[in-house]
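Here's the letter readout for the chains.
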Amino acid sequence: MNWQRLIAVLVARNYEFLRDRSALGWNILLPVLIVFGFAFAFADEQLDRYKVGVINGKGESAAFLQTKYVRFIPVEDATSAISRVERHQLDMLLDMDKQHFWINDTSANGYVLEQLLLASDNHYQKQVVTGQQVRYVDWLIPGVLGMNMMFSALYGVGYVIVRYRKN
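Residues numbered from 1 in each chain as written. Predicted model: local features only at pLDDT ≥ 70, side-chain atom pairs only at ≥ 80, totals over all residues. Heavy atoms only, no water.

Enquirer: Looking at this structure, I do not really get the overall build of the protein. What am I missing?
Expert: A tally of helices and strands in the protein yields six helices and five strands. Here the C-alpha radius of gyration of the protein, 26 Å, is well above what a compact globule of 167 residues would show, namely 15 Å. Here the protein holds 167 residues, and the buried ones make up 25% of them. In the protein, the proportion of contacts linking residues at least 24 apart, taken out of those at least 6 apart, comes to 57%. For the protein, the accessible surface area stands at approximately 12200 Å², while carbon and sulfur atoms represent 60% of it. Where the 17 positive side-chain charges of the protein centre and where its 16 negative ones centre are 19 Å apart. (Helix = DSSP H or I, 4+ residues; strand = E, 2+ residues; numbered from the N terminus. Rg over C-alpha atoms; globule rule 2.2 N^0.38 Å. Buried < 20%, exposed > 50% of the residue type's maximum accessible area, 1.4 Å probe, protein only. Contact = heavy atoms within 4.5 Å. Areas by Shrake-Rupley, 256 points an atom, 1.4 Å probe, with all protein chains shown as cover. Lys, Arg positive; Asp, Glu negative; His and termini not counted. Charge placed at Lys NZ, Arg CZ, Asp CG, Glu CD.)

Below you can see the structure in the form of structure tokens.
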């Protein structure tokens, strides 16, 4: 195998790809536009900035339950709610009867909610959970890139063959 021939073909194909504006647009520009379009379409404009899961919501801490911009979500199963706190889907989990609350130690929202709760009622005991946040973009971009690679693999080869026959 002659490496000089392989490199010459590789360089020539890359120059051809870079000169073809339609292929360049479909393979580079379109995925970026799709990501920005999805980011704009799924932007959350709610005023509720904090989400608190509440177990046994008939507790004594009514002052904290009246806090503005906090959405209080009734929760039935504590174990699934704790996993939601670990994944940053809930900012805090509050058990009104046992006077416990769970926050993720890497969550800024959890810290703010902890300070608000302890300012209104300092009888609650803190439970810390750990977990990493999975953002929307973190799973969107690999999917868009994978879709683009599949599209290029399936249709890119056929497009090149048809164009070569046409030319």
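The discussion continues.
Enquirer: What am I meant to see in a nonpolar patch on the surface here?
Expert: A cluster of nonpolar side chains, contributed by F38, F42, V134, Y136, V137, W139, I141 and L145, occupies part of the molecular surface with about 770 Å² of accessible area. The leading source of residues in the nonpolar patch is helix α6 (residues 136-166), at five residues. (Patch = residues over 30% accessible without salt bridge, like charges linked within 9 Å, V, L, I, M, F, W, Y side chains within 5 Å. Salt bridge = Lys/Arg side-chain N within 4 Å of Asp/Glu carboxyl O.)

Enquirer: Even after reading the chapter, I still don't get the layout of surface pockets, so can you show me in this structure?
Expert: Unoccupied space between atoms shows up once a probe the size of one water molecule is rolled over them. Counted as a void, the second largest pocket has a volume near 360 Å³. Contributions of two or more residues to the lining of the second largest pocket are made by α1 (3-19), α2 (21-41) and α6. Each residue belonging to the lining of the second largest pocket can be placed in one class, and the counts come to eight nonpolar, four polar and four charged. (1 Å grid on protein atoms, 1.4 Å probe; cavity = no way out; pocket = protein on both sides within 12 Å on 5 of 7 lines; lining within 4 Å. Points joined across faces, edges and corners; volume = space filled by probe spheres on them. Nonpolar A, V, L, I, M, F, W, Y, C, P; charged D, E, K, R; others polar.)

Enquirer: What's the story with the pattern of salt bridges in this structure? I'm lost.
Expert: Two side chains bearing opposite charge may form a pair once their charged atoms approach each other closely. A complete count under the given rule lists two salt bridges for this structure. As a salt-bridge pair, E16 and R13 come within 3.2 Å of each other at their nearest N and O atoms. In this pair, E16 and R13 both sit in helix α1, three residues apart, roughly one turn of the helix. Looking at R13, the relative accessible area reads 34%, which means it is partly exposed. A salt bridge links E114 to K126, with the shortest nitrogen-to-oxygen separation between them at 3.3 Å.

Enquirer: Explain the nonpolar core here, please?
Expert: A general tendency of soluble globular proteins is for nonpolar side chains to be buried together. If you look at the biggest cluster of nonpolar residues, it comprises 13 residues, and the most contacted ones within it are V52, M92, L94, F101, L113 and L117. Sorting the residues of this core by element identifies β1 (50-55), β3 (92-95), β4 (100-104) and α5 (108-120) as the ones contributing at least two each. Per-element tally for this core: the top contributor is β1, with three residues. By size, the runner-up hydrophobic cluster in this structure holds nine residues, among which are I55, A81, I82 and L90. (Core = buried A, V, L, I, M, F, W, Y, C linked by side-chain atoms within 4.5 Å.)

Enquirer: Teacher, can you tell me more about the packing of α2 against α6 here?
Expert: How two helices pack is summed up by the angle between their axes together with the distance between the axes. Packing of α2 against α6 leaves a shortest axis separation of 10 Å and a crossing angle of 155 degrees. As the angle between them shows, α2 and α6 are arranged roughly antiparallel. Between α2 and α6 the crossing geometry is right-handed. The segment α2 lies against α6, with S22, W26, N27, P31, I34, V35 and F38 engaging Y136, L140, I141, V144, M147, N148, S152 and Y159. When the residues that make up the contact of α2 with α6 are grouped by side-chain class, the tally is 11 nonpolar, four polar and no charged. (Axes fitted to C-alpha atoms, helices over the stretch in contact; angles between N-to-C directions. Parallel < 35°, antiparallel > 145°, perpendicular 65-115°, else oblique. Left-handed = near helix turned anticlockwise from the far one by under 90°.)

Enquirer: I'm lost on the environment of G146 in this one. Help?
Expert: Topologically, G146 is positioned in helix α6. Each C-alpha atom of the pair G146 and G53 lies 35 Å from the other, and the pair is 93 residues apart in sequence.

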